[in-house]
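Below, each chain spelled out in residue letters.
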Amino acid sequence: MIQRLMKMDSSKKLLESGRILELFFQLTLENRDTKMGEVLREFVPEDAIFAYYKAEFTADKDWLSKEKVREFLELGFGLEELARLLVTDQDGRRMQPQDFFDMLLEMQLHVEKKETYDVTRGDMTNSTPDDIQMLMTRAFGKMLGFGNRNVDAYYPLEEIVQRCKTVMSHFCDVDEMLRGALDRNRERRETLDSPVDSLQHFFHEEGGGFSQMVELYQQKQDELEQYDIKNMEEIVYYENGDAIAPEVEQVLRETFEALHSFTDGFEDFKKLNKYGREGFFIHRNRHILIQEETWERIFERIMDDDYIQRFYAFSIVNMTSQQICDRMEAILSNLELLDDYWDSTSGTDDCGETPAVME
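Here goes a summary of the coordinates provided. (Residues numbered from 1 in each chain as written. Predicted model: local features only at pLDDT ≥ 70, side-chain atom pairs only at ≥ 80, totals over all residues. Heavy atoms only, no water.)

Our next topic: a negative patch on the surface. On the surface, E292, E293, E296 and E300 cluster together into a negatively charged patch. Within the element layout of this structure, E292 appears in helix α17 (residues 292–300). (Patch = residues over 30% accessible without salt bridge, like charges linked within 9 Å, V, L, I, M, F, W, Y side chains within 5 Å. Areas by Shrake-Rupley, 256 points an atom, 1.4 Å probe, with all protein chains shown as cover. Salt bridge = Lys/Arg side-chain N within 4 Å of Asp/Glu carboxyl O. Lys, Arg positive; Asp, Glu negative; His and termini not counted. Charge placed at Lys NZ, Arg CZ, Asp CG, Glu CD. Helix = DSSP H or I, 4+ residues; strand = E, 2+ residues; numbered from the N terminus.)

Written out as structure tokens, the structure is:
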């Protein structure tokens, strides 16, 4: 893609201003890692790369995007170049050296083994698209500051000192600056006074809370692949013999066991003639959409007391929430599932309290 963009930029204006990288990042879906960095260094001149990041780092004099700093390092661009752009260049960010070293240690650049997964950033190496729940998790996580500050890059402390000295030795005492930053970083990690530090510690250190949650979520999704019906939304596609996920199976059985106990008024209903029974169902159906096929089944079996009782039970459910309405509608839209579960639970009703799933 970067090659195509450079061919389109015949006047070289985008290349010279660094905007060609801005367009590339907007269009690509690839992870911004060292592999991408290698491609950029191969095809994009160094001046254009640094022009882009200089513009990013100096866009707002009151705020620095640490996400962009992390991106710069994760693409494999050098620590010396970062120091020039942020500290020493006259037209760069002009950060104070102590702030620069504080930021590097906050990102755990000097720690080799650390949690780098960030729930607020997409993982393009995952072949499974994000579902709506994960997309919302990413959006709200970013809004609430749950992003991981740890950078997916590593320099030993000795190398950080060595590289920074090549750029900053005339500017400050690098050894002293780094010692002060180490002391402040240690104190901050011990006290966790800042809410941001507390969140970082809880979610991304000591085992990586978010990473563990995502691993468990992915493990659960992998386990569900063996089932034909993985969630309640899919029960509309149920066919006899389909494998149903255990959680869905439990909800269905509890629901049907509750339905068997819904017998209030059924003896009076049985006294109605065909037209009276049809009118009863038409009048009671105010909350959910019943498919034409289901209506046809109701009218076909309207005088079969044993069979019609299952529809009678549905009709007297107290539709007190959208969740109950959605569940009843999904079950009624699949007559094969309705009949299978009604028959298989017919001997389990205890006519006691209505289970919680139906309350």
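So, about unusual backbone geometry. Positive phi, close to 60 degrees, is recorded for R94, a residue that is not glycine. Take R94: its relative accessible area is 36%, and that puts it in the partly exposed class. Positive phi, close to 60 degrees, is recorded for Q108, a residue that is not glycine. Mapped onto the elements, Q108 comes out in the loop between α8 (97–106) and α9 (132–143). (Buried < 20%, exposed > 50% of the residue type's maximum accessible area, 1.4 Å probe, protein only.)

With that settled, the discussion passes to the pattern of salt bridges. The final tally for this structure, using the stated rule, is 21 salt bridges. Of the charged contacts, one joins K61 and D62 as a salt bridge, the two residues approaching to 3.5 Å between their closest N and O atoms. Considered together, K61 and D62 belong to a single accessibility category, that of exposed residues. Between D183 and R186 there is a salt bridge whose closest N-O contact spans 3.0 Å. Of this pair, D183 and R186 both sit in helix α11 (residues 174–191), separated by three residues, roughly a single helical turn. For R186, a relative accessible area of 45% corresponds to the partly exposed category. Through salt bridges with shared partners, a single network forms among R297, R310, D339 and D343.

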